[in-house]
Amino acid sequence: MTYKQLVENAYEAMNFSYSPYSNFKVGAALLTNSGKVYTGCNVEIASFGATNCAERTAIFKAISEGEKDYKAIAIVSSSRDFTYPCGICRQVIVEFSKDIDIIVAKDYDYEVYKIEELLPKSFTQIDLK
(Lines give C-alpha, C1' and ligand atoms only; values in the text may rest on other atoms or scores of the structure.)
Protein backbone atom coordinates (compact mmCIF):
# COMPACT_ATOMS: atom_id res chain seq x y z
CA MET A 1 0.00 0.00 0.00
CA THR A 2 1.32 3.43 -0.92
CA TYR A 3 1.15 6.37 1.45
CA LYS A 4 -1.21 8.08 -0.99
CA GLN A 5 -3.59 5.13 -0.69
CA LEU A 6 -3.27 5.25 3.10
CA VAL A 7 -4.19 8.95 3.02
CA GLU A 8 -7.24 8.08 0.87
CA ASN A 9 -8.28 5.54 3.52
CA ALA A 10 -7.94 8.22 6.19
CA TYR A 11 -10.18 10.58 4.20
CA GLU A 12 -12.77 7.81 3.87
CA ALA A 13 -12.64 7.24 7.64
CA MET A 14 -13.09 10.98 8.25
CA ASN A 15 -16.56 10.71 6.72
CA PHE A 16 -17.66 8.75 9.81
CA SER A 17 -16.48 11.41 12.26
CA TYR A 18 -18.93 12.18 15.04
CA SER A 19 -18.06 15.80 15.80
CA PRO A 20 -21.31 17.71 16.42
CA TYR A 21 -19.72 20.21 18.83
CA SER A 22 -16.54 21.32 17.07
CA ASN A 23 -17.37 20.25 13.50
CA PHE A 24 -13.65 19.39 13.33
CA LYS A 25 -13.60 16.07 11.50
CA VAL A 26 -10.52 13.82 11.70
CA GLY A 27 -9.72 10.52 10.03
CA ALA A 28 -6.81 8.15 10.47
CA ALA A 29 -5.58 5.03 8.70
CA LEU A 30 -3.06 2.75 10.39
CA LEU A 31 -0.91 0.41 8.28
CA THR A 32 0.45 -2.62 10.12
CA ASN A 33 3.65 -4.42 9.22
CA SER A 34 1.48 -7.38 8.18
CA GLY A 35 -0.18 -5.15 5.55
CA LYS A 36 -3.56 -4.69 7.24
CA VAL A 37 -5.17 -1.26 7.47
CA TYR A 38 -7.25 -0.11 10.44
CA THR A 39 -9.16 3.14 10.18
CA GLY A 40 -10.55 5.47 12.78
CA CYS A 41 -12.40 8.75 13.17
CA ASN A 42 -12.78 11.16 16.04
CA VAL A 43 -15.78 10.68 18.31
CA GLU A 44 -16.86 13.70 20.36
CA ILE A 45 -18.97 13.30 23.47
CA ALA A 46 -20.85 16.09 25.27
CA SER A 47 -18.60 15.39 28.26
CA PHE A 48 -15.43 16.27 26.34
CA GLY A 49 -13.15 14.14 28.53
CA ALA A 50 -14.78 11.05 27.02
CA THR A 51 -13.92 12.13 23.46
CA ASN A 52 -11.60 9.88 21.44
CA CYS A 53 -9.25 10.91 18.64
CA ALA A 54 -9.14 9.23 15.23
CA GLU A 55 -5.56 8.02 15.73
CA ARG A 56 -6.37 6.24 18.98
CA THR A 57 -9.55 4.78 17.50
CA ALA A 58 -7.50 3.17 14.70
CA ILE A 59 -4.77 1.95 17.06
CA PHE A 60 -7.22 0.53 19.60
CA LYS A 61 -9.07 -1.30 16.81
CA ALA A 62 -5.79 -2.86 15.69
CA ILE A 63 -4.81 -3.83 19.22
CA SER A 64 -8.23 -5.39 19.81
CA GLU A 65 -7.53 -7.68 16.85
CA GLY A 66 -4.02 -8.64 17.99
CA GLU A 67 -2.05 -6.23 15.75
CA LYS A 68 0.71 -4.38 17.58
CA ASP A 69 3.34 -3.93 14.85
CA TYR A 70 2.86 -0.70 12.89
CA LYS A 71 4.48 0.76 9.80
CA ALA A 72 2.61 4.05 9.29
CA ILE A 73 -0.39 6.11 10.27
CA ALA A 74 -2.03 8.74 8.06
CA ILE A 75 -3.94 11.61 9.65
CA VAL A 76 -6.30 13.99 7.83
CA SER A 77 -8.90 16.51 8.94
CA SER A 78 -11.46 19.00 7.76
CA SER A 79 -8.93 21.76 8.45
CA ARG A 80 -7.25 23.63 5.62
CA ASP A 81 -3.88 22.82 7.15
CA PHE A 82 -1.99 19.74 8.29
CA THR A 83 -3.35 18.17 11.47
CA TYR A 84 -0.80 16.58 13.78
CA PRO A 85 -1.58 14.05 16.51
CA CYS A 86 -2.34 15.51 19.93
CA GLY A 87 -0.07 14.80 22.89
CA ILE A 88 -2.13 11.86 24.14
CA CYS A 89 -2.13 10.28 20.68
CA ARG A 90 1.63 10.77 20.39
CA GLN A 91 2.08 8.93 23.68
CA VAL A 92 -0.15 6.06 22.50
CA ILE A 93 1.72 5.87 19.17
CA VAL A 94 5.16 5.69 20.81
CA GLU A 95 3.91 2.96 23.16
CA PHE A 96 3.58 0.62 20.21
CA SER A 97 6.17 1.83 17.71
CA LYS A 98 9.30 3.94 17.91
CA ASP A 99 9.84 3.55 14.14
CA ILE A 100 6.38 4.37 12.75
CA ASP A 101 5.94 6.90 9.95
CA ILE A 102 3.44 9.63 10.85
CA ILE A 103 1.81 10.95 7.68
CA VAL A 104 -0.06 14.25 7.93
CA ALA A 105 -2.02 15.27 4.87
CA LYS A 106 -4.14 18.07 3.47
CA ASP A 107 -5.78 17.81 0.06
CA TYR A 108 -3.71 14.70 -0.64
CA ASP A 109 -0.44 16.60 -0.19
CA TYR A 110 1.41 14.98 2.69
CA GLU A 111 4.47 15.15 4.92
CA VAL A 112 6.08 12.23 6.75
CA TYR A 113 7.60 12.36 10.23
CA LYS A 114 9.01 9.88 12.70
CA ILE A 115 7.43 9.78 16.15
CA GLU A 116 10.78 10.85 17.66
CA GLU A 117 10.46 14.13 15.75
CA LEU A 118 6.99 14.77 17.17
CA LEU A 119 7.65 13.42 20.67
CA PRO A 120 11.36 13.68 21.50
CA LYS A 121 12.66 12.15 24.72
CA SER A 122 9.42 10.27 25.21
CA PHE A 123 8.49 8.34 28.34
CA THR A 124 8.07 4.67 27.45
CA GLN A 125 7.94 1.22 29.00
CA ILE A 126 11.77 1.24 29.10
CA ASP A 127 11.58 4.01 31.70
CA LEU A 128 9.53 1.75 33.98
CA LYS A 129 12.22 -0.92 34.23
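Our structure is the block above this text.
Read on for a plain summary of the structure. (Residues numbered from 1 in each chain as written. Predicted model: local features only at pLDDT ≥ 70, side-chain atom pairs only at ≥ 80, totals over all residues. Heavy atoms only, no water.)

1. Section: the packing of aromatic side chains
On inspection of all chains with the given rule, the structure shows four aromatic pairs. Of note, Lys106 hangs over the ring of Phe82, and the distance from its end group to the ring centre comes to 4.9 Å. (Phe/Tyr/Trp six-rings, centres within 6.5 Å; stacked < 30°, edge-to-face > 60°. Lys NZ or Arg CZ within 6 Å of the ring centre and 35° of its normal.)

2. Quick word on the packing of helix H2 (residues 54-64) against helix H3 (residues 87-96)
One way to put it is that H2 packs onto H3 with a least axis distance of 9 Å and a crossing angle of 30°. Between H2 and H3, the crossing angle belongs to the class labelled roughly parallel. Two packed elements cross with a definite hand, and for H2 against H3 that hand is left-handed. Residues Glu55, Arg56, Ile59, Phe60 and Ile63 of H2 touch H3, and the partners they reach there are Ile88, Cys89, Val92, Ile93 and Phe96. By residue class, the composition of the contact of H2 with H3 is eight nonpolar, no polar and two charged. (Axes fitted to C-alpha atoms, helices over the stretch in contact; angles between N-to-C directions. Helix = DSSP H or I, 4+ residues; strand = E, 2+ residues; numbered from the N terminus. Parallel < 35°, antiparallel > 145°, perpendicular 65-115°, else oblique. Left-handed = near helix turned anticlockwise from the far one by under 90°. Contact = heavy atoms within 4.5 Å. Nonpolar A, V, L, I, M, F, W, Y, C, P; charged D, E, K, R; others polar.)

3. Some details on the environment of Ile88
Relative to the elements of secondary structure, Ile88 occurs in helix H3. Look at Ile88 and you get exposed, because its relative accessible area is 55%. The sequence separation of Ile88 and Asp109 amounts to 21 residues, and the corresponding C-alpha distance is 25 Å. (Buried < 20%, exposed > 50% of the residue type's maximum accessible area, 1.4 Å probe, protein only.)

4. Some remarks on the pattern of salt bridges
For the structure shown, the criterion picks out five salt bridges. The partner of Asp81 in a salt bridge is Lys106, with the nearest N and O atoms 3.9 Å apart. Of the two residues, Asp81 is situated in the loop between strand S3 (70-77) and H3 and Lys106 in strand S4 (residues 101-106); the sequence distance between them amounts to 25 residues. Residue classification places Lys106 among the partly exposed residues on the basis of a relative accessible area of 23%. (Salt bridge = Lys/Arg side-chain N within 4 Å of Asp/Glu carboxyl O.)

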